Amino acid sequence: MASKKRLPLAIALTLALAGTAIYVFEQFDDDSSLGAQAQTADASTSSQPSVLYSIFDPKFNLVAGNYLIPSGWQAQSQVVWNIEHFSQPLQLHSVACSADGKSALEFFPAEQFVWLVPRAMARPGQPLGDGATLLPPVSAQEAMQYFEIAKLRGSAENLKIEQIVPMPELAQRLAIATPAGAVQECVCAKISYVLNGQPMEEEIYGVKTAFNGVPSRSYTAGSMVQYNWGFGTLFSFRAPQGQLEGQRNNFWAMVSSFKPNPAWQAVRAQVQQQALQRNNWRLQETASSIANANKLGQMVVAGNAQFFANQAARREQEYASDQMRLQARSAPSGAGSGMSQTEAF
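Residues numbered from 1 in each chain as written. Predicted model: local features only at pLDDT ≥ 70, side-chain atom pairs only at ≥ 80, totals over all residues. Heavy atoms only, no water.

Right, let's get into the overall build of the protein chain. A tally of helices and strands in the protein chain yields 6 helices and 14 strands. Taken over 345 residues, the protein chain has a buried fraction of 43%. Sequence-distant contacts, at least 24 apart, represent 64% of the contacts inside the protein chain between residues at least 6 apart. Entry remark: accessible area of the protein chain is about 18200 Å², with carbon and sulfur atoms responsible for 52%. (Helix = DSSP H or I, 4+ residues; strand = E, 2+ residues; numbered from the N terminus. Buried < 20%, exposed > 50% of the residue type's maximum accessible area, 1.4 Å probe, protein only. Contact = heavy atoms within 4.5 Å. Areas by Shrake-Rupley, 256 points an atom, 1.4 Å probe, with all protein chains shown as cover.)

Before going further, it helps to examine unusual backbone geometry. Cis geometry is found at the peptide bond from Val-117 to Pro-118, where omega equals 0°. Along the chain, the position of Pro-118 falls in the loop between strand S7 (111-117) and strand S8 (133-134). In the Ramachandran plot, Ala-175 falls in the positive-phi region, its phi being about 60° despite a non-glycine side chain.

Another point: the pattern of salt bridges. Using the criterion set out here, one finds 7 salt bridges in the structure. Across the salt bridge formed by Glu-185 and Lys-208, the nearest N and O atoms sit 3.3 Å from each other. Remark: Lys-208 occurs in strand S11 (residues 198-211) and Glu-185 occurs in strand S10 (residues 182-195); sequence separation between them is 23 residues. Look at Lys-208 and you get buried, because its relative accessible area is 7%. Between Glu-245 and Arg-248 there is a salt bridge whose closest N-O contact spans 2.3 Å. Taken together, the positions of Glu-245 and Arg-248, both in helix H4 (residues 244-256) and 3 residues apart, correspond to about one turn of that helix. Glu-245 gets classed as exposed once you look at its relative accessible area, which sits at 58%. Judged by relative accessible area, Arg-248 falls into the buried class, the value being 17%. (Salt bridge = Lys/Arg side-chain N within 4 Å of Asp/Glu carboxyl O.)

Bringing the nonpolar core into the picture now. Grouped together as the largest cluster of nonpolar side chains are 35 residues, with contacts concentrated most on Tyr-67, Leu-105, Leu-170, Phe-235, Phe-237 and Trp-252. Setting aside chain neighbours within four positions, we find Leu-105 in contact with Tyr-67, Trp-73, Ser-94, Val-95, Ala-96, Phe-235, Ser-236, Phe-237, Phe-251, Met-254 and Val-255. (Core = buried A, V, L, I, M, F, W, Y, C linked by side-chain atoms within 4.5 Å.)

Summed over all chains, the structure comprises 15 aromatic pairs. Taken together, a centroid distance of 5.5 Å and an interplanar angle of 75° make the contact between Tyr-53 and Tyr-67 edge-to-face. A residue pair is termed long-range when its members are at least 10 positions apart, and Tyr-53 in strand S2 (residues 49-57) and Tyr-67 in strand S3 (residues 62-70) qualify at 14 residues. For the pair Tyr-67 and Phe-107, a centre-to-centre distance of 5.5 Å together with 80° between the ring planes defines the contact as edge-to-face. A residue pair is termed long-range when its members are at least 10 positions apart, and Tyr-67 in strand S3 and Phe-107 in strand S6 (residues 104-107) qualify at 40 residues. Residues Tyr-67 and Phe-107 agree in their burial class; the two are buried. (Phe/Tyr/Trp six-rings, centres within 6.5 Å; stacked < 30°, edge-to-face > 60°.)

Mean pLDDT over the protein chain: 78, with 67% of residues reaching 70 or higher. For residues 1-5, every residue scores under 50 in pLDDT, and the model assigns this stretch 15 contacts once sequence neighbours within four places are set aside. Contacts from residues 286-291, a stretch scored under 50 in pLDDT, to residues over four places away or in other chains number 4 contacts. (pLDDT = per-residue confidence, 0-100.)

Moving on, we get to the pairing of S2. Of the strand pairs in this sheet, S2 and S3 are connected by 8 bridges, and their pairing is antiparallel. Each residue of the ladder has a partner; that of Ile-55, found in S3, is Gly-65. Here S2 hands over to S3 after 4 residues, with Asn-61 in that stretch at a positive phi of 55°. (Pairing = 2+ DSSP bridges.)

Attention now moves to the environment of Phe-108. Structurally, Phe-108 is set in the loop between S6 and S7. In this structure the C-alpha to C-alpha distance between Phe-108 and Gly-232, which are 124 residues apart in sequence, comes to 9.8 Å.

Before going further, it helps to examine H4. The terminal C-alpha atoms of H4, which comprises 13 residues, lie 17 Å apart, in line with the 18 Å expected from a rise of 1.5 Å per residue. Most pronounced at Asn-250, the bend in H4 amounts to some 25°. Every buried residue of H4 is listed here: Leu-244, Gln-247, Arg-248, Phe-251, Trp-252, Ala-253, Met-254 and Val-255. In this structure, the buried residues of H4 make contact with S3, strand S5 (90-97), S6, helix H3 (170-173), S11 and strand S13 (222-240). (Expected span 1.5 Å × (residues − 1). Bend = angle between axes of the 7 residues up to and from the residue.)

Moving on to a nonpolar patch on the surface. Together, Val-117, Val-225 and Tyr-227 make up an exposed nonpolar region whose accessible area comes to about 200 Å². Since its relative accessible area comes to 40%, Val-117 is described here as partly exposed. (Patch = residues over 30% accessible without salt bridge, like charges linked within 9 Å, V, L, I, M, F, W, Y side chains within 5 Å.)

What follows concerns helix H2 (residues 140-153). In this model H2 runs just 17 Å from its N-terminal to its C-terminal C-alpha over 14 residues, more than 12% under the 20 Å that 1.5 Å per residue would give. Maximal helix bending in H2 amounts to about 35°, located at Phe-147.

For the rest of this paragraph, the subject is the environment of Ser-216. Within the secondary structure, Ser-216 is located in strand S12 (residues 214-218). Classification of Ser-216 as buried rests on a relative accessible area of 10%. Placed 10 residues apart in sequence, Ser-216 and Gln-226 show a C-alpha to C-alpha distance of 6.1 Å.

Below you can see the structure in the form of structure tokens.
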């Protein structure tokens, strides 16, 4: 039976949060297809008229989900699939901006982390090539301060972390259930910076999920314990300095209005399963290759041992023959040596 190199984080995190696809996003290109479909609608928690924005998945020609944005705002998103990332083959990103581009709601990609004890050779913070990043488990506040803010806004002008506070009611507000055997921790980071000469304030919200360590195995490191954790939900509210408070209800109305498409969710689950099966097949192939290599190595070792044994026996025979010749040469004429004078030479 093949040993797993690492347990895919997607089993523990992504699938457990299957109802929150809107919060798993990736950055978009400015010239990317928006795939937006809009229709007039009213937000139940906002007095401002809204339109329905649809996130379109061009790979499967399906709407991934819909959410409301204020009338006059613009939204764009991109759906990206990478089956090589078996921990997280799906990445999405979506941004809704006001007409002047200053106020924005942004949904970020989910962050998946893994930690191995004993530690892997890769440095902490390095991607592992499967959609996850190598990082030791820390609190939600520490992860937000030392990793997420630096990654998401590290290049912002005059960046300042104003406050990072726990927000225990966030998961309940978003109807995100805690997976079995996991611990959830919610956080909000308040930051400020300058964007195009305009002072901005932004709140970044995150729901961190962490699982207990599970036994794993590597072909190079042997037995180990794997810790899966990460932010399954990451989004932010941005507005010009002093204006975020007045727009917060509209932001929450947009977040709360998201409705995933069940047909797309079914496709997503299938692709996730295919990615895991592909990885398992590779692990089995690797195990078979290692087993075959071991067998070949054993055959080579056995062959070498037999060769050296034959060589040793031949040297013993040659040595004994040489000794007999020497004795025959030095023996007096007529003395018995087992060899004639002629044979000795």
